[in-house]
Amino acid sequence: MTTGASRLNLVRPNRWLRLAWIVPAVLVALTLVVLAANGLRTLPVVESFVLTYPGTSTHLAATPVGIPAWLAWQHGLNAFFILFVIRTGWQVRTTKRPTIFWTRTNTGLLRTKNPPIRITLHLWQHIVFDTLWMINGILFYVLLFVTGQWLRVVPTNWDVFPNAISAGLQYASLNWPTDSGWVHYNALQLLSYFVVIFIAAPIALVTGLRMSPGLSARFRRLDHVFPLPVARKLHFAVLIFFVAFIVVHVTLVLTTGARANLNHMYAARNDGGWLGVWIFVGAVLVTAGIWVGARPAVVRAIAARSGRIIHRKR
């Protein structure tokens, strides 16, 4: 007799086999993009456009040069937190019948008049990493504007748009832009970072708060202004955007001068040394260790320190 577990094991390989076509399809699509971009660059009008707009937009004279140490640390922490935000968010979305729940201990400074709401352990993890990511983000915003580093990631001239198109064409044709991220980001990078910092991140935060069990249960009036289904769709769309951005970002960092880029991003240095590479490798190893070590038993033990764990049979 076939058990439920064995049936599940039989289904899973078939599902992954059905998705296997995605990898070759993406490779074919990327090949076509490269061929099309190189074909376009043979046209005199396109090459003239690239010469007129080389990919770096006009910057204000006050724009700082270089990456400070605090920004390197913020970048590393943000990368760590966002990976676990994505992981736990995906667990919340895909777990159909959760069996472990957490209820906040309603004592001390966190005591509230209304009784705590029971949530799944996956959602508890998601909220914890969201909170850490938000705290890091608030500090990032403050330092960004206090130090003037915002000028590096906020467009200040309309020529950023044609230059972004030019930079995108250069990337697509595998003829990388020759700018230096230590001095200025190219226009496509600038727009991408602006969208991530000032559009995608706030949308993720606002929609996440809207979906919070406590808020959705106690503020029913929001259902007419900002319905939960809309918040869920926007939240998931931002998750997909962050995944796509991370894949493209990491790929370009490693293929457009990995040592120099990692020195900028992790060591706040503009030289040919290996410090940034070793810091990056260490960060990857630490993240991988925590990723593997975050097993249900470990997470339950940590969550139990701040609340009550409830097990429910399937």
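Since the model is a prediction, treat every value here as computed from it, not as a measurement.

Peer 1: Got a minute to help me understand the side chain of H264 in this structure?
Peer 2: Topologically, H264 is positioned in helix α11 (residues 258-267). Dropping the residues within four chain positions of it, H264 is found in contact with I67, S180, G181, W182, R269 and N270.

Peer 1: Looking at this structure, I do not really get the packing of helix α4 (residues 69-94) against helix α5 (residues 121-146). What am I missing?
Peer 2: Packed helix pairs are characterised by how far apart their axes lie and by the angle those axes make with each other. Relative orientation of the contacting elements α4 and α5 amounts to 155°, with a least axis distance of 8 Å. By the criterion of interaxial angle, the relationship of α4 to α5 is roughly antiparallel. The way α4 lies across α5 gives a crossing that is left-handed. A per-class count over the contact of α4 with α5 returns 17 nonpolar, nine polar and one charged.

Peer 1: Looking at this model, I keep getting lost on the sheet that holds strand β1 (residues 100-104). Mind explaining?
Peer 2: Strand pairing within a sheet occurs via backbone hydrogen bonds; the two strands may be parallel or antiparallel. Taken together, the three strands give an open sheet; going across it, the order is β2-β1-β3, and neighbouring strands pair in antiparallel fashion. Either end of the sheet is taken by a strand with one partner, and the two such strands are β2 (119-120) and β3 (307-311). Taken together, the five bridges between β1 and β3 define a ladder with antiparallel strand orientation. When the sheet's bridge partners are listed, R104 is paired in β3 with G307.

Peer 1: What is the right way to read unusual backbone geometry from this model?
Peer 2: Peptide bonds are trans in most cases, and residues, glycine excluded, mostly fall at negative phi. Here the phi dihedral of L174 falls at roughly 65°; this positive angle occurs in a residue that is not glycine. Take L174: it is sitting in the loop between α6 (160-172) and α7 (187-211). With a phi angle near 55°, A268 is a residue other than glycine that sits in the positive phi range. Tracing the backbone shows A268 in the loop between α11 and α12 (275-293).

Peer 1: Whenever I open this one, the pattern of salt bridges confuses me. Can you help?
Peer 2: Pairing of side chains with opposite charge becomes possible as their charged atoms draw close. Taken as a whole and judged by the stated rule, the model has two salt bridges. Measuring nitrogen to oxygen at the nearest pair gives 3.4 Å for the salt bridge that ties E47 to R41. Relative accessible area serves as the criterion here: at 27%, E47 is assigned to the partly exposed category.

Peer 1: Before we go on, may I ask you to explain the nonpolar core in this structure?
Peer 2: Taken as a class, soluble globular proteins show a tendency for nonpolar side chains to be buried jointly. I82, F129, W133, F140, V153, Y193 and F242 are the most contacted members of the largest nonpolar core, which has 26 residues in total. Elements represented by at least two residues in this core include exactly α4, α5, α7 and α10 (228-255). At eight residues, the largest contribution of residues to this core is made by α4. Look past the residues within four positions of F140 in its chain and what remains in contact with it is W70, L71, Q74 and I197.

Peer 1: Before we go on, may I ask you to explain the packing of α4 against α12 in this structure?
Peer 2: At a minimum axis distance of 11 Å, the contact between α4 and α12 shows a crossing angle of 25°. Between α4 and α12, the angle is such that the two are roughly parallel. In terms of crossing hand, the pair formed by α4 and α12 is right-handed. The segment α4 lies against α12, with F80, L83, F84 and R87 engaging T287, I290 and W291. Grouping the amino acids of the contact of α4 with α12 by side-chain chemistry returns five nonpolar, one polar and one charged.

Peer 1: Explanation requested: the packing of aromatic side chains in the structure shown.
Peer 2: Centre distance and the angle of the planes are the two values used to describe a pair of aromatic rings. With the rule as written, the count across this model stands at 21 aromatic pairs. Judged by centre distance (6.4 Å) and plane angle (25°), the ring pair of W90 and F236 falls under stacked. Here W90, found in helix α4, pairs with F236, found in helix α10; they are 146 residues apart in sequence, far enough to count as distant. You can call W90 partly exposed: its relative accessible area is 43%. Through a chain of ring-to-ring contacts, the aromatic side chains of W70, F140, Y141, F145, W150, F194 and F198 assemble into a single cluster. Lying across the ring of W291, R87 places its NZ or CZ 4.5 Å from the centre. Above the face of the F101 ring, R118 is positioned so that its terminal group lies 4.4 Å from the ring centre.

Reading the values: rules and limits
Residues numbered from 1 in each chain as written. Predicted model: local features only at pLDDT ≥ 70, side-chain atom pairs only at ≥ 80, totals over all residues. Heavy atoms only, no water. Helix = DSSP H or I, 4+ residues; strand = E, 2+ residues; numbered from the N terminus. Contact = heavy atoms within 4.5 Å. Axes fitted to C-alpha atoms, helices over the stretch in contact; angles between N-to-C directions. Parallel < 35°, antiparallel > 145°, perpendicular 65-115°, else oblique. Left-handed = near helix turned anticlockwise from the far one by under 90°. Nonpolar A, V, L, I, M, F, W, Y, C, P; charged D, E, K, R; others polar. Pairing = 2+ DSSP bridges. Salt bridge = Lys/Arg side-chain N within 4 Å of Asp/Glu carboxyl O. Buried < 20%, exposed > 50% of the residue type's maximum accessible area, 1.4 Å probe, protein only. Core = buried A, V, L, I, M, F, W, Y, C linked by side-chain atoms within 4.5 Å. Phe/Tyr/Trp six-rings, centres within 6.5 Å; stacked < 30°, edge-to-face > 60°. Lys NZ or Arg CZ within 6 Å of the ring centre and 35° of its normal.

Function cannot be inferred from these measures alone, as they are strictly geometric.
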